[in-house]
Amino acid sequence: MVSVSASVFEPRFYERRAQRQLAALAGIPVWINVPWGLTGNPASRPEVDAIWVRSGRAVAAEVKAHQVDAAEAGEITEKYRHLGFRELMIMAPGFTPSASRSLALTRYPAVEQVPFSPDPSEIAGFYQGGWQEGVPAWVHDALATGLHHVRFVLTQPTAKGRFVIGLPRTRIYHAGTITRAIGTLPSPPARVLWTPQRFTIPRDAIARGSRLTALGGYVAVDIDGDRMHRADHACQLKPGAGGCPHCLPRAERELRRLDAQIAHPPWTDVLLSGGRGIHAYLPDDGEVRGLVVAAAEAGARIDVSVTASLRTTIALPGTLHAANGQPVASRVRPAPGERPLAAAC
Ligand SMILES: [Zn+2]
C-alpha cells in the first residue's frame, strides 16, 4: 500500500522534472508553460504545460504533481477539448482506477496516461558527493559568521503536509551542517535557500511581527530570462537539457543594462541560478539595495521583491536546482582563465 504523501510532489519541482521527461519521450524540443489563446486577460489565459508536434499534429501535455482522480481527469479532458487539442498526454505520479478507466475511454482528445515519479536518489547523491567544493569562497566565509539562515524546500511533503522546513534552533556555521541537516530531511530538497542578509537569531528571519535586527550581508538580485522573452515565445526544453536555452542570454543582457543603470556596481558574484537566469550579489553597504530597487522602478526587469525584502531567501550558491538538475554555479561572469558555463539555463 502506497501512502498518500508518496504520490504527492512539490508542484514546481515536479512540473519541471515532468517537462524534462516529456522532452525525453518526445525526442524533440518541447515548448513549456505555453499561454494558449489570443483573447482574454493574460493572467487568466489557459496555460498548456508542454506542447510539441508529432506526425504533423500538436500534442499537449498536462502535468499534475499528485495522483489524478476521476473528477480531475474529467476537468483536464474538458479543458483540452475546449482548447481544440486532439491528442493529450497526462503526466502524474499516479491515476486512480476510475480515472484510468475514464481516460482510457476518452476519444476527444485521445489521452495517453504517463505515470512518472522523479528519482530522489539523484538529489541525495548530489549532496552525498563533493557539493561543498562548488560553494564559492565568499559564501563559505559568510556562513562562518553563523548569522545566515538556511531552509529547505522539500521534493515531497512532510507527514503534516509542509513543503518548507526551516532550522529555527540551529545556527549554521559551515556547509557540513547543511549536509548533515539534509540527511535528516523526510525527502531530498528541491531547493536549499539562504538569507543573504545576516540576522541575530534564526527566529528573526521567520517571525513577521518581531523587530528586525539586520546585520548586513549581501543584497541579492534575481533576473529571470523568461520575463524578457515570454512576450515573443514560451520557454523551450530540448531532450537532455536542464533548462530553456533562451533564458540565460536574455538575463545576461538585462544584467548589462542594470550595470549601466547603477554605474557598474561591485558584484560579489554573478551566478547561474540553475533555473531561468541569474542570481547576482552585492555587498550590503546600506545604500545599494535602494539603488537596485530604484533601477527596477525605472524599468530594470528584475524580481524586485527578492532585492527589496531584508528577509528574502534565495537559492544557496553551490546547491542543486533539483528540478533542472543543475547547480547554482558561479562563472556566469568567469574569472580570468575560467571557462563560462554553456548558455543553458
Ligand atoms: Zn526561457
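Because the structure is predicted, anything quoted here is derived from the model rather than measured. (Residues numbered from 1 in each chain as written. Predicted model: local features only at pLDDT ≥ 70, side-chain atom pairs only at ≥ 80, totals over all residues.)

Novice: Is there a simple way to think about the overall build of the chain in this case?
Specialist: Looking only at helices and strands, one finds 11 helices and 16 strands in the chain. When burial is assessed residue by residue, the chain has 40% of its 345 residues classed as buried. A fraction of 69% describes how many contacts in the chain between residues 6 or more apart in sequence connect residues 24 or more apart. (Helix = DSSP H or I, 4+ residues; strand = E, 2+ residues; numbered from the N terminus. Buried ≥ 20, exposed ≤ 12 C-beta atoms within 10 Å, placed from the backbone. Contact = placed C-beta atoms within 7 Å.)

Novice: Hey, could you run me through the environment of I262 in this one?
Specialist: Positionally, I262 belongs in the loop between α9 (247-261) and β12 (269-272). By the C-beta count within 10 Å, which is 16 here, I262 ends up partly exposed. For the pair formed by I262 and V292, sequence separation is 30 residues and the distance between their alpha carbons is 7.2 Å.

Novice: What is the right way to read the environment of F199 from this model?
Specialist: Note that F199 resides in strand β9 (residues 197-199). Note: C-alpha distance between F199 and L215 (16 residues apart in sequence) is 5.8 Å.

Novice: How do you make sense of helix α6 (residues 175-183) when you look at a structure like this?
Specialist: Residues separated by three or four positions in an α-helix point in the same direction, a consequence of the helix having 3.6 residues per turn. Buried residues of α6: A175, I178 and I182, and no others. Buried residues of α6 fall within an arc of 50 degrees about the axis and therefore sit on the same side. More than 90 degrees from the buried face of α6, the exposed residues found are G176, R180 and G183. Lining the buried residues of α6 we find α4 (120-128), α5 (137-143), β6 (150-154) and β8 (189-194). (Arc of directions from axis to C-beta.)

Novice: In this structure, what is going on with the packing of helix α2 (residues 70-83) against helix α3 (residues 97-105)? I would like to understand it.
Specialist: For any two helices packed against each other, the geometry comes down to the angle between their axes and how far apart the axes lie. Relative orientation of the contacting elements α2 and α3 amounts to 30 degrees, with a least axis distance of 8 Å. Relative to α3, α2 is oriented roughly parallel. Every residue of α3 that contacts α2 at A70, A73 and G74 is listed here: S98, A99, S102 and L103. (Axes fitted to C-alpha atoms, helices over the stretch in contact; angles between N-to-C directions. Parallel < 35°, antiparallel > 145°, perpendicular 65-115°, else oblique.)

Novice: Which parts of the structure should I look at to understand the nonpolar core?
Specialist: Side chains of a nonpolar character, in soluble globular proteins, are inclined to be buried together. Grouped together as the largest cluster of nonpolar side chains are 78 residues, with contacts concentrated most on L22, V30, A50, A61, I90 and M91. When residues of this core are sorted by domain, at least three fall in each of domain 1 (5-115) and domain 2 (122-327). Not counting residues up to four positions away in its chain, the partners in contact with V30 are Q19, L22, A23, A50, I51, W52 and L237. (Core = buried A, V, L, I, M, F, W, Y, C linked by C-beta atoms within 7 Å. Domains from an automatic or database assignment.)

Novice: Teacher, can you tell me more about the pairing of β8 here?
Specialist: Regular strands place their side chains on alternate faces of the sheet. Taking burial as the measure, the 6 residues of β8 include 5 buried ones, the bulk of the element. Bridge analysis of β6 against β8 gives 5 bridges, and the strand direction is antiparallel. Each residue of the ladder has a partner; that of V150, found in β8, is W194. Where β8 lies against strand β14 (residues 314-315), 2 bridges are found, and the strand directions are antiparallel. When the bridges of β14 are listed, L193 appears paired with A315. (Pairing = 2+ DSSP bridges.)

Novice: Sorry if this is basic, but what is going on with the sheet that holds strand β7 (residues 164-166) here?
Specialist: On the basis of which strands lie adjacent, the open sheet formed by 4 strands has the order β7-β6-β8-β14 and antiparallel pairing. The sheet terminates laterally at β7 and β14, the two strands that pair on one side only.

Novice: I keep staring at the environment of C244 and nothing clicks. Help me out?
Specialist: Relative to the assigned elements, C244 resides in the loop between β11 (235-237) and α9. Overall, C244 belongs to the buried group, with 27 C-beta atoms counted inside 10 Å. As for C244 and N324, which are separated by 80 residues in sequence, their C-alpha atoms are 9.9 Å apart.

Novice: What is the right way to look at the sheet that holds β9 in this model?
Specialist: Hydrogen bonds between backbone groups are what pair the strands of a sheet, and the pairing can be parallel or antiparallel. The 4 strands lie next to each other as β9-β10-β13-β12, forming an open sheet whose pairing is antiparallel. Either end of the sheet is taken by a strand with one partner, and the two such strands are β9 and β12. On average, each strand axis in the sheet is inclined to that of its neighbour by 25 degrees, with strand direction left out of account. Note: β9 against strand β10 (residues 214-224), 2 bridges, orientation antiparallel. The residue of β10 that forms the bridge with Q197 is G217. Sheet contacts for α9: β10, β12 and β13 (277-283); angle to β13, the most-contacted strand, approximately 30 degrees.

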